[in-house]
Amino acid sequence: MSPSLNGKTLFVTGASRGIGLAIAKRAAADGANVVLVAKTTEPNPKLPGTLYSAAEEVEAAGGRALPVPTDIRDENAVAAAVKAAVGRFGGIDILVNNASAISLTGTAATPMKRFDLMFGVNVRGTYCCTQACLPHLIEAGKSGRNPHVLNMAPPLSLRPHWFAHHTAYTMAKYGMSMCTLGHAAEFARHGIGVNSLWPRTAIATAALQMIPGVDVAKCRKPEILADAAHLVLTSDARTTSGNFFIDDTLLAQHGVADLDRYSVVPGTTDFIPDFFVD
């Protein structure tokens, strides 16, 4: 397959900052069209970056950007975003389900409003965006455009310690992982690759820095996931599907041995491990 995403159209959720924006910019460097889907339209002093500043970065990186303010919990809003994407770029080749909500709280400390947010964004949002993009991904498959769905979701592990401290969050993230498992099998006949990608270490994003006690110096940059995602999205969708990739393992399999450039602090060896990696 071509190692380039030039001319491909990506629909990326949670794209205003962090991992979603890094994936979008990596695709843009190839000359891709990127539909940026997120809720943030006004600057927030705690979370820098908006949908529109992200679009400027994507275009500066070499791509074409379409920012579409969207709450992915709302199926009508998602349908409108997909319609806008197809109207602008003629189709959708790749869906990146990156948007996610997190609350590392136990059962007594997780209000139902927060529970509903995590399930609404992580599970419903992923399923809804996949469903809305599916007709266009099928068409991309018929046209030989190598369609992919990439869910930023962890490998499935039922070890109790991944649930003990934040059952609701784990259930919500695993809901995204189960979309990978089911949709890979369901969409195989259409030649659509469906995979998950997850970091081995904590990733230095603005959202992570809002969690008390996190030492960002012991994290990696979002670019490690952007480069790993690029490898998945340029692979043959017909033969690369149903996988739960870990970023550094995938890069190593493709000959990338020196990961130091992804460290927030070069030379770091003591990284904070991410959740769900056994």
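In this report, we go over the structure that sits alongside the text. Bear in mind that the values here come from a model prediction, so they are computed numbers and not experimental data.

## What about the sheet that holds strand β2 (residues 33-38)?
Each strand in a sheet pairs with another by means of backbone hydrogen bonds, the pair being arranged parallel or else antiparallel.
Here's step 1: The strand order across the open sheet built from seven strands is β3-β2-β1-β4-β5-β6-β7, with neighbouring strands paired in parallel fashion. Because the sheet does not close on itself, it has two edges, and the strands there are β3 (64-69) and β7 (244-246). This sheet shows a mean twist of 20 degrees between the axes of neighbouring strands, independent of strand direction.
Here's step 2: Across three bridges, strand β6 (residues 193-198) lies against β7 in parallel orientation. Bridged to Ser196 within β7 is Phe244.

## Quick look at the nonpolar core
Here's step 1: One finds Leu36, Val58 and Leu197 to be the most contacted residues of the largest nonpolar core, which totals 38 residues.
Here's step 2: Counting 37 residues, the second-largest nonpolar core is a separate cluster that includes Val82, Leu95, Cys128 and Val277.

## Observations regarding the layout of surface pockets
Here's step 1: Computed from the structure, the largest pocket encloses a volume of approximately 1500 Å³.
Here's step 2: Of all the elements in the fold, those that place two or more residues in the lining of the largest pocket are α1 (18-28), β2, α4 (112-142) and α5 (167-187).
Here's step 3: Residues that form the lining of the largest pocket fall into these classes: 26 nonpolar, ten polar and seven charged.

## Looking at unusual backbone geometry
Here's step 1: Despite not being glycine, Asn146 shows a phi value in the positive range, around 60 degrees.
Here's step 2: Its location among the elements puts Asn146 in the loop between α4 and β5 (148-151).
Here's step 3: With phi around 75 degrees, Phe276 is a residue other than glycine that occupies positive phi space.
Here's step 4: Counting through the fold element by element, Phe276 comes out in the segment after α7 (247-253).
Here's step 5: Residue Phe276 is classed as buried on the basis of its relative accessible area, which comes to 1%.

## Comments concerning the packing of α1 against helix α2 (residues 51-60)
Here's step 1: Running from N to C, α1 and α2 cross one another at 30 degrees; their axes reach a closest spacing of 8 Å. When the axes of α1 and α2 are compared, the pair comes out roughly parallel. Relative to α2, the crossing made by α1 is right-handed. For the pair α1 and α2, the contacting residues are Leu21, Ala24, Lys25 and Ala28 in the first and Ala54, Glu57 and Val58 in the second.
Here's step 2: Here the residues of the contact of α1 with α2 sort into five nonpolar, no polar and two charged.

## Focus: the packing of α4 against α5
Here's step 1: α5 packs onto α4 with a crossing angle of 15 degrees between their chain directions and a minimal axis gap of 8 Å. Judged by the angle between their axes, α4 and α5 are roughly parallel. The two elements α4 and α5 meet at a crossing, and its hand is right-handed. Contacts from Phe115, Met118, Phe119, Asn122, Val123, Thr126, Tyr127, Thr130 and Leu134 in α4 reach Ala168, Tyr169, Met171, Ala172, Lys173, Gly175, Met176, Cys179, His183 and Phe187 in α5.
Here's step 2: For the contact of α4 with α5, the residue count by class is 13 nonpolar, five polar and one charged.

Rules behind the numbers
Residues numbered from 1 in each chain as written. Predicted model: local features only at pLDDT ≥ 70, side-chain atom pairs only at ≥ 80, totals over all residues. Heavy atoms only, no water. Pairing = 2+ DSSP bridges. Helix = DSSP H or I, 4+ residues; strand = E, 2+ residues; numbered from the N terminus. Axes fitted to C-alpha atoms, helices over the stretch in contact; angles between N-to-C directions. Core = buried A, V, L, I, M, F, W, Y, C linked by side-chain atoms within 4.5 Å. Buried < 20%, exposed > 50% of the residue type's maximum accessible area, 1.4 Å probe, protein only. 1 Å grid on protein atoms, 1.4 Å probe; cavity = no way out; pocket = protein on both sides within 12 Å on 5 of 7 lines; lining within 4 Å. Points joined across faces, edges and corners; volume = space filled by probe spheres on them. Nonpolar A, V, L, I, M, F, W, Y, C, P; charged D, E, K, R; others polar. Parallel < 35°, antiparallel > 145°, perpendicular 65-115°, else oblique. Left-handed = near helix turned anticlockwise from the far one by under 90°. Contact = heavy atoms within 4.5 Å.

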